[in-house]
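One-letter residues, chain by chain:
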Amino acid sequence: MATEKTDVVIVGVGAAGGILAAELGKAGMKVIGLERGPRLKTADFNPHDELRYFQRQELRPNAKRQPVTWRPNAKVRANPMSILNYGNQAGGGTVHYGTLSWRFHEDDFRARSHTIERYSAAAIPADSSIADWPITYADLEPYYDRAEYELGVSGKAGNLQGRKIDGGNVFEAPRRREYPLPALLADQSGVLFEAGARKLGYHPFSSPRAILSEPYHDRPGCTYCGFCQSFGCHVGAKSSILVTKLPEADATGNFKLVTGTMCYRVNTDNSGRATGVSYYGPDGSDNTIEAEIVILTPFIYDNTRLLLLSRTEKFPNGLANSSGQLGKHLMAHMMAKVFAAFDDRYVNVYMGPSAQKHTIDDFNGDNFDHSGLGFIRGSQVSIGPADLEAGPIGTAISLNPPPGTPRWGAAYRDFLAKYFARYGAIVAQTENLAYSDQTIDLDPDVRDQYGLPAPRLTYDWRRPNELARVEFLLTRMEEIGRAMGATHVWRAPLGPGAPGAHHEGGTRMGNDPKTSVVNRYGQTWDIPNLFVIGSSTFPSMSGFNPTLTIQAVSYMSANAIVNRYKKNPGPLV
Amino acid sequence: MTKHDAARRAFLVRAAVGAGAVAGAGLVPELDAQMEHNHAENPSAAHQHPSGAEHGAFFNHDDAVTMAAFTERLMPGAPDKPGANETGVLNYIDLALAGAYSDLQDFYRRGLAQLDVYCRKTYNTSFQHLSAAQQDEVLAALEEGKATGFAWPTAQDFFNTVRTHTMEGMFADPLYGGNKDFAGWRLVGFPGAQAMFTPIDLQNQQAFTRAPMIGLQSVSSSPIRKG
């Protein structure tokens, strides 16, 4: 058993933790980062291997050793999920992610107020706990800008200081300047989507991605190999935390990364102050770090789990839970899909960055009139392969054949052989609302390899508002598929109500300690030297991928810690 | 060829031939020819089990024959269209169950045992001795959950798992024991782990056919597919 002292301990060194490690280290603070998985290198990712990384999920947590259970509602027993949709290494999910790097819309930060203003309070489902953020787009804009430029994001502006620009996302909130790198080239699925969407009067564009379209910061540009989602980048063109912020953190001389660890408790004293954390080392040892500041930045489940596991007599309901809100308002995207296949040409969708390649934002947020539609909020709609990855294993698993074609036998073989390189998947990534009965807590029955209770998710996206939205979007996507000139257009089955990708919630941020767990800086209301930073703090989720917003929020929190908290420790709000 | 390689080849070939014996003549002509070749080339290897009993890394001979037949019905071969047997799906699954998927050994044992009970009850014989049409009936009953007598794994879980592993064997890198000579990738026109595509490639509206196909430890410079 070892005990170490440091200024700051960061639990989970991914999208958020990597930024905080570098920024606090640069400010002269001694930082120890605890990471569950290994620290990999670019050389580990060459050549690419679909079985290992996509199918066997090597860059994600092992679902048997680190189980997470799910149940659709509180009346039934939860079962372990077979695939865990997050990262398990230094750099976290940014190592294997699809790199979509969005700024949320202005109204995404005030979805509740905006809905009431434009429609009415009655438009919001009675059981939804959708809430405004305690920050606005304007608060975050400088940090979005910093993330785009420091990490390296490729895209084309659609709204430069209020000036709308065709070819970019004309629905985006105003940005101060262009992206640091030009948009990535479209492959043929993007070309077809662009033409089809324009024919219907929509506004398509090459999705902004944290992939270098040109050399930048001593890293090479993208090779368009197509192995992005689920894979590490074999040239380091993906702007993952592994090749951006971790080298910066190393260079400060103030950062120490400890891999192969499992943090199992945040320690507090009788005064109600966090004193540090306890963790199991790779050798099974039981270790303690004493720190002035504890920052939790793991994937969202482990924020709630750690705070619940750290309960004391002083904090009997878990740390930072005086509001009773800990673990509530779990959100996740679901992916509704329409396939478009071509008899007269090839698409070769396996070329180029694989995830959500080309996008329309016309049906996202409140970018369209929802009057009479029976739902609020929308969805990003994009083109790509069947499951964000375009190899033949993924295609055989996820490209459901059209009605009338079986999933096996000679007819299926011929279907797959003919259409593997002749299709694209149009995907809606829906903004499912927050509901307070969608929760994370501790599973009473299932334990992980360390004997700790598994996180248990109670969640079912299939609510009236969400089902109406999905039906609306599937119809729009079928129209797009036909406008693309596809010979065959069909819907993928919707599947069960389990949470999909991009989980948010559990440690909601707000302006009121009675209804939220953390303030706008991720500082817990109850314990001022304990921070929780990442998408677990999001009060609503938007139809956009969360990573750039996680990163912007992390820069904002780092700024507040360095420039205010460090000089005068205490509540920042 | 080492003695070990030859013996393993013989195990796989016999399984495939056993599976094809009733289900359809000529189902595995290439493997048949290969077995003849092996006999000629290395008769001692082909005859090292005088009893005819052979064993894979996981599957015994009977289970190997059943699995060869099952996976071939899922992805049947035809001229110029390699199926499960030709691509080495049985080899892939056998090695996976002895290694990465060893926690699924009981899943397969019980699944195959339940399949055997179901086939004997319904057809009075084992899966490997059914006609191809009857084997398809069994697969459909599994897929739809209509096959009776399955507790764990359920018929649908067993079917879906074998289907998934068949696709892995067809399309995973040859290093893992299937996708023999990139036959699976060739079937669908996937060029493998290409390190880059050029802007010209991205504009291509035709099949991408430029060799080589690239794997983890091997490349193939023969054509990827007929355009």
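### A word on the overall build of chain A
Of regular secondary structure, chain A possesses 11 helices and 21 strands. Compactness check: chain A gives a C-alpha radius of gyration of 23 Å against a globular reference of 25 Å for 573 residues, within 12% of the reference. Expressed as lengths along the three principal axes of its C-alpha atoms, the size of chain A is roughly 70 × 55 × 50 Å. Within the span of chain A, comprising 573 residues, buried residues form 59% of the whole.

### A word on the interface of chain B and chain A
The extent of an interface is frequently quoted as the accessible surface area lost upon association of the parts. Taken together, the contact pairs 39 residues of chain B with 34 residues of chain A. For the side of chain B that touches chain A, the elements supplying multiple residues, two or more each, are helix H4 (61–74), helix H8 (132–143), helix H9 (155–171), helix H10 (183–188) and helix H11 (199–202) of chain B. For the side of chain B that touches chain A, the element with the highest residue contribution is H9 of chain B, accounting for five residues. Of the residues in the side of chain B that touches chain A, the class split is 24 nonpolar, eight polar and seven charged.

### Details of the packing of helix H6 (residues 89–98) of chain B against H9 of chain B
Residues and elements named next belong to chain B. One can describe the packing of H6 onto H9 by two numbers: an axis separation of 8 Å at closest approach and a directional angle of 110°. Taken together, the axes of H6 and H9 are roughly perpendicular relative to one another. Seen from above, H6 lies across H9 with right-handed handedness. Of H9, the residues touching H6 (which contributes Val89, Tyr92, Ile93 and Ala96) are His165, Thr166, Glu168, Gly169 and Met170. Looking at side-chain class alone, the contact of H6 with H9 contains five nonpolar, three polar and one charged residues.

### Points about the domain arrangement of chain B
Residue and element names in this part refer to chain B. We note that the domain assignment places domain 1 (3–188) and domain 2 (191–227) within chain B. The partner domain 2 presents nine residues to the seven residues of domain 1 that form the contact. Its residues assigned to classes, the side of domain 1 that touches domain 2 comprises four nonpolar, no polar and three charged.

### As for the sheet that holds strand S3 (residues 69–71) of chain A
Residues and elements named next belong to chain A. On the basis of which strands lie adjacent, the open sheet formed by four strands has the order S4-S3-S18-S17 and mixed pairing. What marks the edges here is a single partner per strand, and that holds for strand S4 (79–80) and strand S17 (439–447). Across two bridges, S3 lies against S4 in antiparallel orientation. Looking at S4, one finds that threonine 69 is bridged to proline 80. Each of S17 and strand S18 (453–458) is contacted by helix H7 (residues 300–309), which is oriented at about 70° to S17, the strand it contacts most.

### A few points about the nonpolar core
In this structure, Val9 and Val294 of chain A are the most contacted members of the largest nonpolar core, which totals 217 residues. When residues of this core are assigned to their parent elements, the largest contribution, nine residues, is made by helix H11 (residues 547–565) of chain A. Shared between two domains, this core takes at least three residues from each, and those domains are domain 1 (3–188) and domain 2 (191–227) of chain B. Among residues more than four places away in sequence, those in contact with valine 294 of chain A are Val9, Val266, Ala274, Gly276, Val277, Asn529 and Leu530 of chain A.

### With respect to the environment of arginine 273 of chain A
Residues and elements named next belong to chain A. Relative to the helices and strands, arginine 273 is located in the loop between strand S9 (262–268) and strand S10 (274–280). Spatially, the C-alpha atom of arginine 273 lies 26 Å from that of alanine 454, the residues being 181 residues apart in sequence. Those residues in contact with arginine 273, other than ones at most four positions away along the chain, are Thr268, Ile527 and Asn529.

### Points about the packing of helix H1 (residues 17–26) of chain A against helix H6 (residues 245–252) of chain A
Residue and element names in this part refer to chain A. Where H1 contacts H6, the two axes come as close as 8 Å, and the packing angle between them is 25°. Between H1 and H6, the angle is such that the two are roughly parallel. Where H1 crosses over H6, the handedness of that crossing is left-handed. Touching Gly18, Ile19, Ala21, Ala22, Gly25 and Lys26 of H1 are Lys245, Leu246, Glu248, Ala249 and Thr252, all from H6. Taken together, the residues of the contact of H1 with H6 sort by class into five nonpolar, three polar and three charged.

### Structural notes on unusual backbone geometry
A cis amide bond links asparagine 46 of chain A with the next residue in sequence, proline 47 of chain A, at an omega value of -5°. The peptide bond linking tryptophan 152 of chain B to proline 153 of chain B adopts the cis configuration, its omega dihedral lying at -5°. Position of proline 153 of chain B among the secondary structure elements: in the loop between H8 and H9. The phi torsion at tyrosine 224 of chain A lies on the positive side, around 60°, for a residue other than glycine. The topology assignment puts tyrosine 224 of chain A in the loop between strand S7 (204–206) and H6. What makes tyrosine 224 of chain A buried here is the crowd of 23 C-beta atoms within 10 Å. Of note in the backbone geometry, serine 542 of chain A takes a positive phi value of approximately 65° without being a glycine. Along the chain, serine 542 of chain A turns up in the loop between strand S21 (530–532) and H11.

What counts and what doesn't
- Residues numbered from 1 in each chain as written.
- Chains lettered and ligands numbered in written order.
- Predicted model: local features only at pLDDT ≥ 70, side-chain atom pairs only at ≥ 80, totals over all residues.
- Helix = DSSP H or I, 4+ residues; strand = E, 2+ residues; numbered from the N terminus.
- Rg over C-alpha atoms; globule rule 2.2 N^0.38 Å.
- Buried ≥ 20, exposed ≤ 12 C-beta atoms within 10 Å, placed from the backbone.
- Contact = placed C-beta atoms within 7 Å.
- Nonpolar A, V, L, I, M, F, W, Y, C, P; charged D, E, K, R; others polar.
- Axes fitted to C-alpha atoms, helices over the stretch in contact; angles between N-to-C directions.
- Parallel < 35°, antiparallel > 145°, perpendicular 65-115°, else oblique.
- Left-handed = near helix turned anticlockwise from the far one by under 90°.
- Domains from an automatic or database assignment.
- Pairing = 2+ DSSP bridges.
- Core = buried A, V, L, I, M, F, W, Y, C linked by C-beta atoms within 7 Å.

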